[in-house]
Amino acid sequence: MLVVENLSVNYGAIKALVNVSCRVDQGEIVALIGANGAGKTTILNTISSVVPAAAGRVLFEGEDITRTAPHEIVKKGVCQVPEGRRVFAKMSVLENLEMGAYIRSDKKGIAQEMERIFHLFPRLAERKKQLAKTLSGGEQQMLAMGRALMSRPRLLLLDEPSMGLAPMLVEKIFEIIGEINGTGTTIMLVEQNAHMALSIAHRAYVLETGHIVLEGPAGELAENPEVRKAYLGE
Ligand code: ATP
């Protein structure tokens, strides 16, 4: 579904990604794990075309989207939930969700999507009129995910969904990520919480200073002594 080929990204003199190749197959959850600054967010931002590639390419369903504008990429079915949520603070929950559907015009479909999202996140349903800035961190994460789902993505890019959340909420968010995947949405997941990421993902890549150093089935990586030492706190 998604193929990233020999991707390099620079920020001025900083080489954030060097010759990175990875893929996500239809139906999968693929995790990218690695330390702070390894380049995980840069991979997602380059797929979304928010950051330009210096070399290499990104293919979505066989089509080269490396130089496609970000809103066109959303139209093609790829939507990113950015790190730190970035909900529209002064808009209500309902308005934030409506914004997520901006590429669509099928009113009936949009209403059905909204119902699905309220079913997935009952907390949002109870807070439809509440301003986004008054939501808790976990609720804002739910809203950011709900807003992305309103575009009905086939590939959802999630950047650090567990960041700053209490352990119980982290479990809840991961449970919901599993449900979203269960209804047919393919997911690429960037996480510092390698333990949770490897427990939910089918496959994973380990990124170190802009290079992919390990890849494989998530279960195998979770047993790998190097991964256990560096990322699972053992
Ligand atoms: P984190 O988990 O801390 O977000 P990450 O693995 O997602 O880390 P990136 O955010 O992709 O890492 O950053 C990769 C490298 O690129 C880092 O060295 C970072 O400082 C640098 N970098 C990221 N964005 C920019 C930018 N806009 N300008 C300059 N350097 C940047």
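As the structure is a computational prediction, the values presented were derived from the model and not from experiment.

Novice: I would appreciate a short explanation of the state of the cysteines in the present structure.
Specialist: What we call a disulfide is simply a covalent bond connecting the sulfur atoms of a pair of cysteines. Tallied over the full model, the rule gives zero disulfides. Considering cysteine sulfurs only, Cys-22 is the nearest to Cys-79, which forms no disulfide, with 18 Å between them.

Novice: Explanation requested: the pattern of salt bridges in the structure shown.
Specialist: Taken as a whole and judged by the stated rule, the model has 13 salt bridges. Among the salt bridges present, the one from Glu-63 reaches Lys-76, with a minimum N-O distance of 3.0 Å. Of the two residues, Glu-63 sits in strand β5 (residues 63-64) while Lys-76 sits in helix α2 (residues 70-76), which places them 13 residues apart along the sequence. Note on Lys-76: relative accessible area 24%, which makes it partly exposed. Via salt bridges that share partners, Arg-123, Glu-126, Arg-127 and Glu-139 belong to a single interconnected network.

Novice: I tried to follow the side chain of Arg-147 on my own but got confused; where do I start?
Specialist: Inspection of the secondary structure assignment puts Arg-147 in helix α6 (residues 137-149). Of the side chains with opposite charge, Glu-95 comes closest to the buried, unpaired Arg-147, at an N-O distance of 11 Å. Dropping the residues within four chain positions of it, Arg-147 is found in contact with Pro-82, Arg-85, Arg-86, Val-87, Phe-88, Asn-96, Leu-97 and Gly-100.

Novice: Looking at this structure, I do not really get the layout of surface pockets. What am I missing?
Specialist: Using a probe with the size of a water molecule, rolled over the atoms, empty space left in the structure can be pinpointed. Approximately 570 Å³ is the volume found for the largest pocket. In this structure, the largest pocket is lined by 23 residues; those nearest its centre are Val-74, Cys-79, Gln-80, Pro-82 and Arg-147. Elements supplying a minimum of two residues to the lining of the largest pocket: α1 (40-47), α2, β6 (78-81), α3 (93-100) and α6. Taken together, the residues of the lining of the largest pocket break down into 13 nonpolar, six polar and four charged. There is about 370 Å³ of room inside the second largest pocket. Glu-113, Arg-116, Leu-149, Thr-183 and Thr-185 are, among the 14 residues lining the second largest pocket, the residues nearest its centre. Within the residue set of the lining of the second largest pocket, elements represented by two or more residues are α4 (107-120) and α7 (167-182).

Novice: How should I be thinking about the site of the ligand in this particular structure?
Specialist: Of all residues adjacent to the ligand, which total 14 residues, the nearest are Asn-36, Gly-37, Lys-40, Thr-41 and Thr-42. In the model, an oxygen atom of the ligand is placed 3.1 Å from a nitrogen or oxygen of the Ala-38 main chain. Contact distances for the ligand include 3.4 Å between an oxygen atom and a side-chain N or O atom of Glu-160. Starting from 630 Å² of accessible surface for the ligand in isolation, the protein chains cover 63%. For the shell around the ligand, the secondary-structure elements that each account for two or more residues are β2 (14-24) and α1. A class-by-class count of the residues in the shell around the ligand yields five nonpolar, six polar and three charged.

Novice: Whenever I open this one, the nonpolar core confuses me. Can you help?
Specialist: Ranked by size, the top nonpolar core spans 51 residues in total, and within it Phe-121, Met-145, Ile-177, Leu-189 and Leu-198 carry the most contacts. In terms of residues, this core owes the most to one element, α7, which gives seven residues. Non-local contacts of Phe-121, meaning those with residues more than four positions away in its chain, are made with Met-142, Met-145, Gly-146, Leu-149 and Ile-176. Counting residues in each nonpolar core, the second largest holds 28 residues, with Leu-17, Val-30, Val-58 and Leu-207 among its members.

Scoring rules and cut-offs
- Residues numbered from 1 in each chain as written.
- Predicted model: local features only at pLDDT ≥ 70, side-chain atom pairs only at ≥ 80, totals over all residues.
- Heavy atoms only, no water.
- Disulfide = S-S within 2.5 Å.
- Salt bridge = Lys/Arg side-chain N within 4 Å of Asp/Glu carboxyl O.
- Helix = DSSP H or I, 4+ residues; strand = E, 2+ residues; numbered from the N terminus.
- Buried < 20%, exposed > 50% of the residue type's maximum accessible area, 1.4 Å probe, protein only.
- Lys, Arg positive; Asp, Glu negative; His and termini not counted.
- Contact = heavy atoms within 4.5 Å.
- 1 Å grid on protein atoms, 1.4 Å probe; cavity = no way out; pocket = protein on both sides within 12 Å on 5 of 7 lines; lining within 4 Å.
- Points joined across faces, edges and corners; volume = space filled by probe spheres on them.
- Nonpolar A, V, L, I, M, F, W, Y, C, P; charged D, E, K, R; others polar.
- Near = heavy atom within 4 Å.
- Polar contact = N/O pair within 3.5 Å; in protein donor to acceptor, adjacent residues only side chain to side chain.
- Areas by Shrake-Rupley, 256 points an atom, 1.4 Å probe, with all protein chains shown as cover.
- Core = buried A, V, L, I, M, F, W, Y, C linked by side-chain atoms within 4.5 Å.

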